[in-house]
Amino acid sequence: MMFVAAPVAQAQETSPVTTIVESWMTSPHGDRKSEAFVHWNKDGAVPEDCATCHSGPGMLDFLGADGSAAGKVDAPAQTGSPVDCVTCHNQAAHDLQQITFPSGEVMTEASPSAICMVCHQGRESSDSVNAAIAGAEDDTINGDLGFINVHYAASGATLFGGAVRGGYQYEGKTYAERFAHVPDFNTCTTCHDPHTTKVVAIDQCVACHKGAETMRDIRITPADIDGDGDAKEGISAEISTLHEKLGEAIQLYAKDVIGKPVAYDAHAYPYFFNDLNGNGTADPDEAKFPNSYKSWTPRLLRAAYNYQFLAKEPGAYAHNPRYAIQLAYDSLEDLSSKAEIDMAGMTRP
C-alpha cells in the first residue's frame, strides 16, 4: 500500500477587517490607555463638554446616532471608551456635512472628513479672545484675564483658515481661507489613513514637489519667510523659525514692557508660568499650576494664543502654511510695536 502525504495547509490569509482593526488599535484613536481617554477615570465619567471627542459613546450622542437630539451631548459618557469603529461608521456620521466651529461659523464638508473635523477644530477662536479682552487697554495688566487655550490638533480650523478664525486674527489683516490642494489630496482622509491616522501620501507629495525628499522639505513660495537668508528650506522650517521667534518675542515683551517675565512649558497646564529666576525656561519647580502666569495684557494674550495654536498644530505647514505664517507674522508685528523685536527680512504671504 502506498501512502500519500496530506497537502500542507496554506497559511490562512488575514482578512481586511482584521487588518483594519489591528491598524486602529495602534492609532491614537484606539489607545484606550492614553491620557485622552483615561483622564476622567477617577471621576467615573467623561463630562458632557469633553465627551464628544474623548469617548466613542459621547460622539454617538453628539451625532444623534443613539437616538438623542444631534448637536449636543445629553449626559456624561462612560470612561474607557475610545473612538472605535461604530463611532465613525454609522449613518449619522456618514450623512454629516455641516461643521460648526468655535467661532460659530458653519462650514460644509461633503466628504468622510466631516467627522474628523468635529473634534479636530480646537475649542476657542479669535472671537473668544476678543470677548475676553474687550474694553481693556492693550498694554495694561488685567487681573481678569487668563490664558485662553485653543486645545489640541486644531487641524480643521487650520485647513479652513481665515474663514473660521481658529487662530487669533488681527484687525485690519486679511487671512488665507481654505487651503486648496490638488483634488486627490484635499481632505483629511485622502492624506491620512483613517484607521492609523498616519500620512499615506508622502510618495505622491515628493513626486510632484521636485527636489523634496520629505513633506517637510516642500516649499510653497520662493520668498524667505523667516528672514534667515535661506530661501530653499522647507516651509515647515520657515514656520518653525517664526514660531521660535514668536516665543522669544513673547518673553521679551513680558520682561521689558510689563516687567513680568514668563516661561512656557508645552506639557504642563496651563502652559505659561511665572519665570521666577528669569532664565527663560519653565523649570520643574516653576511649571506648576500654583505658579500659573496671571499678568496678562491683551497684546500678550493675543500673541500667546497664536503661539499655542501653532505649538499644538504641528501639521500646520501641510494643512494651511500661509495661514500659519500669517498668524505668527502678525503676532510678531503686534508685539514689535512695543518691544524691540527685529523683523528684518521677514515676509508675510
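Numbers given for residues are sequential positions, taken from 1 along each chain in its written order. Predicted model: local features are reported for residues with pLDDT of at least 70 only, side-chain atom pairs are reported and counted for 80 or more only, and whole-chain, interface and lining totals are derived from all residues. With hydrogens and water excluded, all non-hydrogen atoms of the structure serve as input to the side-chain values.

**A look at the environment of arginine 178**
Here is step 1: The way it works is that DSSP assigns letters per residue, a run of H or I at least four long becomes a helix, a run of E at least two long becomes a strand, and they are numbered from the N terminus. Following the sequence through the fold, arginine 178 ends up in the loop between α9 (155-160) and α10 (188-191).
Here is step 2: Partly exposed residues are those whose accessible area sits between 20% and 50% of the maximum for their type, while under 20% is buried and over 50% is exposed, using a 1.4 Å probe and protein chains only. On the basis of relative accessibility, which here comes to 26%, the residue arginine 178 falls in the partly exposed class.
Here is step 3: Sequence-wise, arginine 178 and glycine 161 are 17 residues apart; in three dimensions their C-alpha atoms are separated by 5.6 Å.
Here is step 4: Once residues within four sequence positions are removed from consideration, arginine 178 is found in contact with Glu109, Leu159, Phe160, Asn186, Thr187 and Asn320. Whether two residues touch is decided by their heavy atoms; if any such pair falls within 4.5 Å, the residues are in contact.

**Overview of the pattern of salt bridges**
Here is step 1: Salt bridge, as used here: a side-chain nitrogen of Lys or Arg that lies within 4 Å of a carboxyl oxygen of Asp or Glu. Tallied over the entire structure, the rule returns 15 salt bridges.
Here is step 2: The residue glutamate 109 makes a salt bridge to arginine 178 at a minimum N-O spacing of 2.6 Å. Separated by 69 residues along the polypeptide, glutamate 109 in the loop between β2 (106-108) and α7 (114-119) and arginine 178 in the loop between α9 and α10 bring together distant segments of the chain.
Here is step 3: Here the residues in one salt-bridge network are Asp138, Asp139, Arg299, Arg302, Asp334 and Lys338, joined through shared partners.

**Brief notes about the packing of aromatic side chains**
Here is step 1: The criterion for an aromatic pair is that two Phe, Tyr or Trp rings (for Trp, the six-membered ring) have centres within 6.5 Å, with stacked assigned to planes under 30 degrees apart, edge-to-face to planes over 60 apart and tilted to the rest. Throughout the structure, instances matching the rule amount to 13 aromatic pairs.
Here is step 2: Seen in terms of ring centroids, phenylalanine 147 and tryptophan 296 are 5.8 Å apart; in terms of plane orientation they differ by 25°. Their pairing is stacked. Residue phenylalanine 147 is found in the loop between α8 (126-133) and α9, and its partner tryptophan 296 is found in the loop between β4 (272-274) and α13 (298-311); the two are separated by 149 residues along the sequence.
Here is step 3: A relative accessible area of 0% places tryptophan 296 in the buried class.

Function cannot be read off these values alone, since they describe shape.
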